[in-house]
Amino acid sequence: MIKKAVLPVAGLGTRFLPATKASPKEMLPVVDKPLIQYAVEEAINAGIEEFIFITGKHKRAIEDHFDKAYELEERLKLAGKFNLIKKINSFDHLNIAFIRQKEPKGLGDAILHAKPFVQEEAFVVILSDDLIDPEYPALKDMIKIYENKRFSVIALEEVPWEEVSRYGIVSIRMVNGDCVVEDLVEKPDRSKAMSNLAIVGRYILTPSIFKYLENLTPGKGGEIQLTDALKMLLKEEPIYGYILKGKRYDAGEKLGYLKTIIEFALKDPEVSSDLLNFLKERVSTL
Ligand code: UTP
């Protein structure tokens, strides 16, 4: 059974500067919850019990968000706002470790920092800036594939061809209904991409990945790339693909983030109809 999740949150979030100069990208709110909370809730729903955050400079707010807020709770109690207390104390029981990545050397390096905590178990990796529609719980399905195959599983989604150079790209083949990864390449030029099937921010990794991460040299963008380690792992053991069924929102860049907020707000009964009216009115004046 997979019980551990690694959440790398040590990146610089440069696409959101200046907002991310002193506060974490992962704390950007989507309606009333920060991105990282959606990731943790998704993991809890998939049966994860232990969380390993790979953090960096200016990421204290993430630790505080999952900590108990005694003073605030007391004040809310005195004000009789018990419904709000429920909103802030649901993570008190979580088993969380925070590990510091001293320099943001890349996603592969961030994951390598989890090795002493993960040891010999397979684990989940969640990138919180890829928000996945909670109605289609990808992680749960991926864990089922792992339990059946006992090898790594990566989430995949077709992206527009003009965007392939922003992603790890794979080629796959279907074998008796299973999606088997044949090859992977990080951020290829459009002309060199073998498909438009992109790796998105959900992975189940076997501990064999660590020995490849340990020996990697920087790849695309001068960063230690997880995709490069997966390519090496593929020579040793199979990697399975899971093609997302629901929608994925790329909240890691400005336009994607704005779309994410609108989509989630339109599903929130508290604001949806007023927001829709506002949007209609606004569009009619264009
Ligand atoms: P991204 O590349 O999407 O995030 O990494 P970033 O580097 O923070 O953002 P930009 O590109 O500068 O705008 C995906 C995830 O991996 C984490 C990030 O925090 C993000 O959640 N990450 C990335 C690390 O933890 N360490 C790193 O060295 C790099």
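This is a predicted model, so every value here is computed, not measured.

What counts, and where the lines are drawn
- Residues numbered from 1 in each chain as written.
- Predicted model: local features only at pLDDT ≥ 70, side-chain atom pairs only at ≥ 80, totals over all residues.
- Heavy atoms only, no water.
- Helix = DSSP H or I, 4+ residues; strand = E, 2+ residues; numbered from the N terminus.
- Rg over C-alpha atoms; globule rule 2.2 N^0.38 Å.
- Buried < 20%, exposed > 50% of the residue type's maximum accessible area, 1.4 Å probe, protein only.
- Contact = heavy atoms within 4.5 Å.
- Areas by Shrake-Rupley, 256 points an atom, 1.4 Å probe, with all protein chains shown as cover.
- Lys, Arg positive; Asp, Glu negative; His and termini not counted.
- Charge placed at Lys NZ, Arg CZ, Asp CG, Glu CD.
- Arc of directions from axis to C-beta.
- Near = heavy atom within 4 Å.
- Polar contact = N/O pair within 3.5 Å; in protein donor to acceptor, adjacent residues only side chain to side chain.
- 1 Å grid on protein atoms, 1.4 Å probe; cavity = no way out; pocket = protein on both sides within 12 Å on 5 of 7 lines; lining within 4 Å.
- Sits in = over half its atoms within 2 Å of the grid points.
- Nonpolar A, V, L, I, M, F, W, Y, C, P; charged D, E, K, R; others polar.
- Points joined across faces, edges and corners; volume = space filled by probe spheres on them.

1. Some thoughts on the overall build of the protein
For step 1, the next point in the chain: Along its length, the protein carries eleven helices and 13 strands.
For step 2, the next point in the chain: Relative to its length of 286 residues, the protein is compact, with a C-alpha radius of gyration of 20 Å against a globular reference of 19 Å.
For step 3, the next point in the chain: Expressed as a percentage of its 286 residues, the buried residues of the protein come to 47%.
For step 4, the next point in the chain: Expressed as a percentage of contacts within the protein between residues at least 6 apart in sequence, the contacts between residues at least 24 apart total 73%.
For step 5, the next point in the chain: Carbon and sulfur atoms form 53% of the exposed surface of the protein, whose accessible area is close to 15,000 Å².
For step 6, the next point in the chain: In the protein, the 41 positive side-chain charges and the 44 negative ones have mean positions that sit 2 Å from each other.

2. Comments concerning helix H9 (residues 226–236)
For step 1, the next point in the chain: Those residues of H9 lying buried are Leu226, Thr227, Ala229, Leu230, Leu233 and Leu234. Down the axis of H9, the sector holding all buried residues measures 150 degrees, keeping them to one side.

3. Overview of the site of the ligand
For step 1, the next point in the chain: Around the ligand, a shell composed of 18 residues is seen, among which Gly11, Thr14, Glu26, Gln101 and Gly106 lie nearest.
For step 2, the next point in the chain: With respect to the ligand, the backbone of Pro8 contributes an N or O atom lying 2.9 Å from an oxygen atom.
For step 3, the next point in the chain: The side chain of Lys25 places a nitrogen or oxygen atom 2.9 Å from an oxygen atom of the ligand.
For step 4, the next point in the chain: For the ligand, the accessible surface in isolation is 560 Å², of which the surrounding protein chains cover 85%.
For step 5, the next point in the chain: Of all the cavities here, the one that holds the ligand is the largest pocket.
For step 6, the next point in the chain: A per-class count over the shell around the ligand returns eight nonpolar, five polar and five charged.

4. Comments concerning the layout of surface pockets
For step 1, the next point in the chain: Estimated volume of the largest pocket: approximately 1,000 Å³.
For step 2, the next point in the chain: Surrounding the largest pocket, 38 residues form its lining, Arg15, Leu127, Asp129, Lys187 and Glu223 being those nearest its centre.
For step 3, the next point in the chain: Counting only elements with at least two residues in the lining of the largest pocket, the list comes to helix H5 (107–112), strand S11 (197–205), H9 and strand S13 (248–250).
For step 4, the next point in the chain: Looking at the lining of the largest pocket element by element, the count peaks at four residues for S11.
For step 5, the next point in the chain: Partitioned by chemical class, the residues of the lining of the largest pocket number 14 nonpolar, eleven polar and 13 charged.
For step 6, the next point in the chain: Of the volumes computed, that of the second largest pocket is approximately 320 Å³.
For step 7, the next point in the chain: At the level of elements, strand S8 (152–158), S13 and helix H10 (254–266) are the ones that each hand at least two residues to the lining of the second largest pocket.

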